[in-house]
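Observations on chain architecture
The lines below spell out each chain.
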Amino acid sequence: MSTRYFEARDLTVSYDKVAAIRDVSIGFDEGQVVALIGANGAGKSTTLRAITGLKRPGRGEIWFEGERIDQIAPAKLVERGIAMVPEGRRVFPHMSVRDNLLMGAHTREDKAGVASDLERILTRFPRLRERLRQNAGTLSGGEQEMLVIGRALMTKPRLLLLDEPSLGLAPLVVRDIARLILEINRDEGVSVILVEQNSRMALRISQYAYVLETGRIGLEGASAELIDNAHVRALYLGG
Amino acid sequence: MEQILVNGAILAANYALIALGITLIFSIMNVLNFAHGQMFMFGGLIVYWTVAQLGLPYAVGLAMAAVAVGLIGMAFEVFFFRRVMRDSTREENTMLLAVGTALLLENAALSLFGEKQRGIPPIVTGVYRIGDAFLPANRALVFGISLVLIVAILLFVTYSKTGRAMRALAQDRTATLLMGVDTARISTLGFGLGAALAGIAGGLLITVSGVNAGIGTAISTKAFIMIMIGGAGVVSGALLGAVALGFIEAFGYAYLPGSLTYLMIFVALILFLLIRPQGIMGKPWG
Ligand SMILES: Nc1ncnc2c1ncn2[C@@H]1O[C@H](COP(=O)(O)OP(=O)(O)OP(=O)(O)O)[C@@H](O)[C@H]1O
Ligand SMILES: [Mg+2]
């Protein structure tokens, strides 16, 4: 049993018998933005992959909205309200922007709802509206990030996992994306787990944060406090 | 000259069904379907069986060919390819499997239908004249059915929800899974649809030139040539490859002695691939 909105308890995930994360526990309440930061190879993506079922945990439990979800197939989790934007964005490059967005609605039968969500997302991302018929592979990095976030929103998620949305983007674009994540969280009531190498941005927009260090949670706490933490400053915020 | 163009167009339309089918399977599964020609052959022989032996109407035979070969394709995906792809870490394994399925079908056809050349009488008789060219009504019908099917497939892949999921799967399997798509189901459907197209192509061609249990390899070779010309895994490439091969063949048979046509095609193909290894529409590898 778990009484929290989301809880991952003692997750251990291994690739070919080598543990990538060990005893990782994460929990938060509805409507929060939670950050997961850490160095390259610390196990951030692995944690997200475990939550979405792309990689089964060897040990541990995952609970969401009062139900245990760690044995549910990835495709079914989408219907349960969990969406993930994977590392490296992964648009469907030879598909139009419109078709990319419609892929997000694949499991939905409510045609009217899909149409109005599409409209709402295009209003939020005017750049995408201008490029509706363009192939997604020809978009800029920032536009692709907007597209994959929009695509994830088309699944109507209640929990959104974002894996390094700022990767490879110019500082100004990173600011746009950060603002966007906050807006989505506020306007749509979507809870967010944000994985970032850009720790400063992640700590600014989250309420709570976990620091992964070689597969274990090294440190956790309110984001506002972690920003001032000497250890975090030295290791993740460049002093 | 007009005759050659008419013949080329008819061949191209039939080949396009073959090329579309093998492209569908290749792009969705990342498997080169070595058994594609054998599936074509099976489609032809099923039409022979239902029409010539059971005396059923041709339309029924063609539908049976599509369904039966489609089911064979789906069964291959579920029982063979899915398992091997899940458990093996080397691509050669699926290739060997694909060759194995070709042998399996060929031997099944030999024991079910024997090795004789089989044909059925033309579905419609009569001859049209287009300028100086003669177009037997039967070939016109085969051409028409092929065109309708090609358009239907393109519309399905472009506009239907399932077709869109197939394209997505071909481009990024993980991202597709994250959209909530039942990727296993889509793979099975894709394999089945690709196979059904091969079966239909065979079922159409048997009314023109007949089919025997041994033609599979030759047809598969043609399918490979088409996707090498056009570019593997790209629909536009498949169509282009089909048109190219259809017309080259028509011209070759008109102007060159018998077996020289394919010798020339192979030589030309090798030279072409030296210049453009990814085919006309394909993306360069790497
Ligand atoms: N498919 C895989 N096979 C084997 N090992 C893997 C695989 N994916 C990740 N690992 C290993 O697991 C560990 C954690 O990787 P993970 O991708 O989760 O880190 P990360 O924190 O997301 O890193 P980055 O910031 O570079 O994205 C690393 O040591 C990595 O080499
Ligand atoms: Mg990562």
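Residues numbered from 1 in each chain as written. Chains lettered and ligands numbered in written order. Predicted model: local features only at pLDDT ≥ 70, side-chain atom pairs only at ≥ 80, totals over all residues. Heavy atoms only, no water.

1. Digging into the packing of helix α1 (residues 2-29) of chain B against helix α9 (residues 216-230) of chain B
A packed helix pair is summarised by two numbers, namely the angle formed by the two axes and the spacing between the axes. Residue and element names in this part refer to chain B. Across the interface, α1 lies against α9 with an axial gap of 9 Å and an inter-helix angle of 75°. Judged by the inter-axis angle, α1 sits roughly perpendicular to α9. In this structure, α1 uses Tyr15, Ile18, Ala19, Ile22 and Thr23 to contact α9, whose residues at the interface are Ile219, Lys222, Ala223, Phe224, Met226 and Ile227. Of the residues contributing to the contact of α1 with α9, the split by class is nine nonpolar, one polar and one charged. (Axes fitted to C-alpha atoms, helices over the stretch in contact; angles between N-to-C directions. Helix = DSSP H or I, 4+ residues; strand = E, 2+ residues; numbered from the N terminus. Parallel < 35°, antiparallel > 145°, perpendicular 65-115°, else oblique. Contact = heavy atoms within 4.5 Å. Nonpolar A, V, L, I, M, F, W, Y, C, P; charged D, E, K, R; others polar.)

2. Some details on the pattern of salt bridges
Side-chain pairs of opposite charge can arise whenever the charged atoms involved come near each other. All names here are of chain A. For the structure shown, the criterion picks out 31 salt bridges over all chains. As a salt-bridge pair, Glu183 and Arg124 come within 3.3 Å of each other at their nearest N and O atoms. Of this pair, Glu183 sits in helix α7 (residues 171-188) while Arg124 sits in helix α4 (residues 111-124), and the two are 59 residues apart along the sequence. Judged by its relative accessible area of 21%, Glu183 falls in the partly exposed class. One salt bridge in this structure joins Arg131 and Glu143, with 3.3 Å as the shortest N-O distance. Taken together, the positions of Arg131 in the loop between α5 (126-130) and α6 (141-153) and Glu143 in helix α6 put the pair 12 residues apart, joining distant regions of the chain. Take Glu143: its relative accessible area is 6%, and that puts it in the buried class. (Salt bridge = Lys/Arg side-chain N within 4 Å of Asp/Glu carboxyl O. Buried < 20%, exposed > 50% of the residue type's maximum accessible area, 1.4 Å probe, protein only.)

3. With respect to the environment of Val243 of chain B
Residue position: Val243 of chain B is located in helix α10 (residues 235-255). For the pair Val243 of chain B and Ile227 of chain B, spaced 16 residues apart in the sequence, the C-alpha separation amounts to 11 Å.

4. Observations regarding the site of ligand 1
Residues and elements named next belong to chain A. Looking at ligand 1, there are 13 residues lining it, with Asn40, Ser45, Thr46, Glu87 and Gln197 nearest. Note that an oxygen atom of ligand 1 is positioned 2.7 Å from one of the side-chain N or O atoms of Lys44. In this structure, Thr46 approaches ligand 1 through a side-chain N or O atom, which is 2.4 Å from an oxygen atom. Coverage of ligand 1 by the protein chains reaches 59% of its 630 Å² of free accessible surface. Residues belonging to the shell around ligand 1 are distributed by class as follows: four nonpolar, six polar and three charged. (Near = heavy atom within 4 Å. Polar contact = N/O pair within 3.5 Å; in protein donor to acceptor, adjacent residues only side chain to side chain. Areas by Shrake-Rupley, 256 points an atom, 1.4 Å probe, with all protein chains shown as cover.)

5. A look at the packing of aromatic side chains
The geometry of an aromatic ring pair is captured by the separation of the ring centres together with the interplanar angle, meaning the angle of the planes. Across all of its chains, the model carries nine aromatic pairs over all chains by this definition. Ring geometry for Tyr5 of chain A versus Phe64 of chain A: centroids 5.3 Å apart, planes at 70°, classification edge-to-face. With a gap of 59 residues between them, Tyr5 of chain A in the segment before β1 (6-15) and Phe64 of chain A in strand β4 (residues 59-64) connect regions that are remote in the sequence. The same class applies to Tyr5 of chain A and to Phe64 of chain A, which are both buried. Measuring from ring centre to ring centre gives 5.3 Å for Phe34 of chain B and Phe224 of chain B, while their planes differ by 75°; the resulting arrangement is edge-to-face. Taken together, the residues Phe34 of chain B in the loop between α1 and α2 (36-53) and Phe224 of chain B in helix α9 connect sequence positions 190 residues apart. In this arrangement the basic side chain of Arg151 of chain A is found over the ring face of Phe92 of chain A, its NZ or CZ atom lying 4.7 Å from the centre. (Phe/Tyr/Trp six-rings, centres within 6.5 Å; stacked < 30°, edge-to-face > 60°. Lys NZ or Arg CZ within 6 Å of the ring centre and 35° of its normal.)

6. Structural notes on the side chain of Ser166 of chain A
All names here are of chain A. Mapped onto the elements, Ser166 comes out in the loop between β7 (159-163) and α7. Side-chain polar atoms of Ser166 contact the side chain of Glu196, separated by 2.8 Å. With sequence-adjacent residues up to four places away left out, Ser166 is seen in contact with Val174, Glu196, Asn198 and Met201.

7. A word on the side chain of Asp163 of chain A
All names here are of chain A. Here Asp163 shows up in strand β7. For Asp163, which is buried and forms no salt bridge, the nearest opposite charge comes from Lys44, at a distance of 6.8 Å. Reaching out from Asp163, the side chain makes a polar contact with the side chain of Ser45 at a distance of 2.7 Å. The residues contacting Asp163, other than those within four sequence positions of it, are Ser45, Leu48, Val85, Pro86, Glu87 and Val195. (Lys, Arg positive; Asp, Glu negative; His and termini not counted.)

8. Some remarks on the coordination of the magnesium ion (ligand 2)
All names here are of chain A. Distances from the magnesium ion (ligand 2) to its protein donors, Ser45 (OG) and Glu87 (OE), fall at 1.9 to 2.6 Å. Taken together, the positions of Ser45 in helix α1 (residues 44-51) and Glu87 in the loop between β6 (82-85) and α3 (97-104) put the pair 42 residues apart, joining distant regions of the chain. Its relative accessible area of 19% is what places Ser45 among the buried residues. Looking at Glu87, the relative accessible area reads 38%, which means it is partly exposed. (Donors = N, O, S within 2.8 Å, 3.2 Å for Na, K, Ca; no water.)

9. Remarks on the UniProt feature "transmembrane region" (unreviewed entry) in chain B
All names here are of chain B. Taking the UniProt record as the reference, the feature "transmembrane region" (unreviewed entry) is found at residues 12-32, 39-56, 62-81, 140-159, 189-211, 223-248 and 254-275. From the first C-alpha to the last, residues 189-211 spans 27 Å; its make-up is 74% helix and 0% strand. Secondary structure across residues 254-275 comprises 82% helix and 0% strand; the distance between its end C-alpha atoms is 27 Å. (UniProt positions renumbered as here; feature names shortened; annotations may be inferred.)

10. What about the sheet that holds β1 of chain A?
All names here are of chain A. A sheet is described by the order of its strands in space; here four strands give the open sequence β2-β1-β4-β5, paired in antiparallel fashion. Edge positions in the sheet fall to β2 (18-28) and β5 (67-68), since each has one partner strand and no second. As judged from the five bridges shared by β1 and β4, these two strands associate in the antiparallel manner. If you follow Glu7 over to β4, its bridge partner there is Trp63. Its contacts with the sheet place α1 against β1, β2 and β4, and it is angled at close to 115° to β1. (Pairing = 2+ DSSP bridges.)

11. Thoughts on the pairing of strand β9 (residues 208-213) of chain A
All names here are of chain A. As paired elements, strand β3 (residues 33-38) and β9 share five bridges and run parallel to each other. When the bridges of β9 are listed, Gly38 appears paired with Leu212. Summarising the sheet, β9 and strand β10 (residues 216-222) pair through six bridges and their orientation is antiparallel. Counterpart to Tyr208 in the pairing with β10 is Ala222. In this structure, the hairpin formed by β9 and β10 is closed by a connection of two residues, where Thr214 is found at a positive phi of approximately 35°.

12. Regarding helix α3 (residues 58-87) of chain B
All names here are of chain B. For α3, built from 30 residues, the straight-helix expectation of 44 Å at 1.5 Å per residue is met to within 8% by its first-to-last C-alpha distance of 42 Å. When the local axis directions of α3 are compared, the greatest deviation, roughly 40°, occurs at Glu77. Among all positions in α3, only Tyr58, Gly61, Leu62, Ala65, Ala66, Val69, Gly70, Gly73, Phe76, Glu77 and Phe81 are buried. Where α3 is buried, its residues meet α1, α2, α4 (91-113), α5 (137-159) and α8 (183-205). (Expected span 1.5 Å × (residues − 1). Bend = angle between axes of the 7 residues up to and from the residue.)

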